[in-house]
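# Observations on chain architecture
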Amino acid sequence: MTIKLMLLRVAGPLLVRVAVLSGMRRSRLALVLLNRALVYLTLTAVVGAVYFGIIALGRPLTSSAGLVAALVAGALFHPVRVGLQGAADRVFGIERDPYRLADRVNRRVQEAPGPAEALASAVAASRRALRAPGVAVEVVLPGGRSRMVADGEVGASPTVLRLEWQGTSMGWLLVAGEPADPALLDMLARQLAEVAHAVRLSADLRRSRERMLLTREEERHKLRRDLYAGLGPTLTELALSADEARISLAGGPEAVEPLLTRMRRRMTEAIVEVRELVYGLRPPALDGADLGELGLEGALRTLADTPGPRVDVAVSGPLGDLPAAVEVAAYRIAHEAVAGVRRHARATTALIRVERRPGGLCLSVADDGIGLPEQRREGATRLRHRAEELGGTYEHDTRPGGGTEVVVELPVKEPA
């Protein structure tokens, strides 16, 4: 009777595990069954050998040898089972300690040369930890793009878990089949969310660098075009006018005066063009006290008070607590839009309107010119890039009465 109870105690957990694992995939079920079978068969052999050995040796000495054998076998059952299970897990490459699993994933991540490689290593380690046919992570990148990193075959109907980092969705974790340990899956998902966040930051940094390079090349192209097509012909015309005036001196002062008047007007225009080129490279807001003392409104009114079409400035709401990045971006956008109006729009008036709204700043520049010629379309691309650098939006449209209106909205984080 004692032997039957001991065998039932040994075989009972195995039967229960077989019943629980009956819904698993066949390959994984076979691996688990083989692991358990080796453990419990070896356990049965060891415990049985101890039990029958004590009975065989102790029966001639005492009548209670069976009770002693049962007590010793019962005492050895748990430590022997734990040791055999650990040995079998090492043979089959199975890790049951979640802390060791977390440490293994962390080591793989730290040893990787970059975030993308770290994510691939973490996905491979997670697949081994979950003992799944396939694991994949889809990271949502800036700009609506996504990146998929997979190890194994996920299949058509995987288990999907959202990866969140500080309340923000980083992507999705896909595991083939139904995971046997949901707690382990949640722990791995938290670690994978951190790695996915690093991948997203790396992609965002790479995108920012590309946009910086693009913006720099556009600025160089703009400067070259302005020097070649704007300031260059003006200086050439001034040189020709000076030669013409020198030749006309023989005819008397009366013949030279119109030429000198025209030269003076063209020199004034050249000075304005040079000032606009310099301000376009580095606005006064970045050079010291101008914007700090005058504020955005004062700097815009100074910008409007230059030769050319009349430019009015209308401000609504307080502008004194704007972040420096928003302030400088708004000034640069307004400066470039006004410069485009003066050079290409053939306008007589323009209006700069600044409105402080909850959570943002709206800036618009409207004119009564001829619309949006090709030269101004190139400038529109630069304005859009400047707005998008701060997460803002850019729009331009034709006004009903003629001319063009540029509207830019820049986000402003309100103080807590």
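Notes on the structure in this doc start here. Every value quoted in this text rests on a predicted model; they were computed, and no experiment measured them.

### Points about the pairing of strand S9 (residues 404–411)
Burial along S9 is one-sided: Thr 404, Val 406, Val 408 and Leu 410 are buried, and none of Glu 405, Val 407, Glu 409 and Pro 411, which face the opposite way, are. Examined bridge by bridge, strand S7 (residues 360–367) and S9 share seven bridges and lie antiparallel to one another. Bridge pairing in S9 places Leu 361 opposite Leu 410. The sheet contact formed by strand S8 (residues 393–398) and S9 spans six bridges and is antiparallel. Pairing of His 396 across the sheet is with Val 406, part of S9. Where S8 folds back onto S9 in an antiparallel hairpin, the turn is made up of five residues, including Gly 402, whose phi is positive at roughly 105°.

### Observations concerning a nonpolar patch on the surface
Taken together, Val 68, Val 72 and Leu 76 make up a surface patch of nonpolar side chains, about 190 Å² in accessible area. Along the chain, the position of Leu 76 falls in helix H3 (residues 65–92).

### Quick word on the sheet that holds strand S6 (residues 349–357)
Here we have five strands laid out as an open sheet, ordered S5-S6-S7-S9-S8, and mixed in their pairing. Sheet topology places strand S5 (310–316) and S8 at the edges, where each strand pairs with a single neighbour. On average, adjacent strands in this sheet sit at an angle of 10° to one another, irrespective of strand direction. Of the strand pairs in this sheet, S6 and S7 are connected by eight bridges, and their pairing is antiparallel. Each bridged residue has a counterpart across the sheet, and for Ile 352 the counterpart in S7 is Val 365. Running over the sheet, helix H9 (residues 324–345) touches S5, S6, S7 and S9 and is turned about 10° from S7.

### Some thoughts on the nonpolar core
Within the largest apolar cluster, 34 residues are counted, with the highest numbers of intra-cluster contacts made by Leu 296, Leu 300, Ile 352 and Leu 361. For this core, the elements supplying multiple residues, two or more each, are helix H8 (289–304), S5, H9, S6, S7, helix H10 (374–389) and S9. Looking at which element gives the most residues to this core, the answer is H9, with 10 residues. Counting residues in hydrophobic clusters, the runner-up holds 28 residues, among them Val 137, Leu 163, Leu 184 and Val 195.

### Considering the sheet that holds strand S3 (residues 159–165)
What the four strands build is an open sheet, ordered S2-S1-S4-S3; its pairing is antiparallel. The sheet is open, and its two borders are formed by strand S2 (146–152) and S3, each paired with just one other strand. When the angles between neighbouring strand axes are averaged without regard to direction, this sheet yields 20°. Relative to strand S4 (residues 168–175), strand S1 (residues 134–140) is paired through five bridges, and the arrangement is antiparallel. The partner of Ala 136 across the bridge, within S4, is Leu 174.

### Focus: the pattern of salt bridges
Here the structure, examined in full by the defined rule, presents eight salt bridges. Among the salt bridges present, the one from Asp 151 reaches Arg 127, with a minimum N-O distance of 3.1 Å. Of this pair, Asp 151 sits in strand S2 while Arg 127 sits in helix H5 (residues 115–130), and the two are 24 residues apart along the sequence. The partly exposed category is assigned to Asp 151, whose relative accessible area is 22%. Residue class for Arg 127 comes out partly exposed when judged on its relative accessible area of 28%. Of the charged contacts in the structure, one is a salt bridge between Glu 409 and Arg 357, with a shortest N-O distance of 3.2 Å. A residue pair is termed long-range when its members are at least 10 positions apart, and Glu 409 in strand S9 and Arg 357 in strand S6 qualify at 52 residues.

Conventions used here
Residues numbered from 1 in each chain as written. Predicted model: local features only at pLDDT ≥ 70, side-chain atom pairs only at ≥ 80, totals over all residues. Heavy atoms only, no water. Buried < 20%, exposed > 50% of the residue type's maximum accessible area, 1.4 Å probe, protein only. Helix = DSSP H or I, 4+ residues; strand = E, 2+ residues; numbered from the N terminus. Pairing = 2+ DSSP bridges. Patch = residues over 30% accessible without salt bridge, like charges linked within 9 Å, V, L, I, M, F, W, Y side chains within 5 Å. Areas by Shrake-Rupley, 256 points an atom, 1.4 Å probe, with all protein chains shown as cover. Salt bridge = Lys/Arg side-chain N within 4 Å of Asp/Glu carboxyl O. Axes fitted to C-alpha atoms, helices over the stretch in contact; angles between N-to-C directions. Contact = heavy atoms within 4.5 Å. Core = buried A, V, L, I, M, F, W, Y, C linked by side-chain atoms within 4.5 Å.

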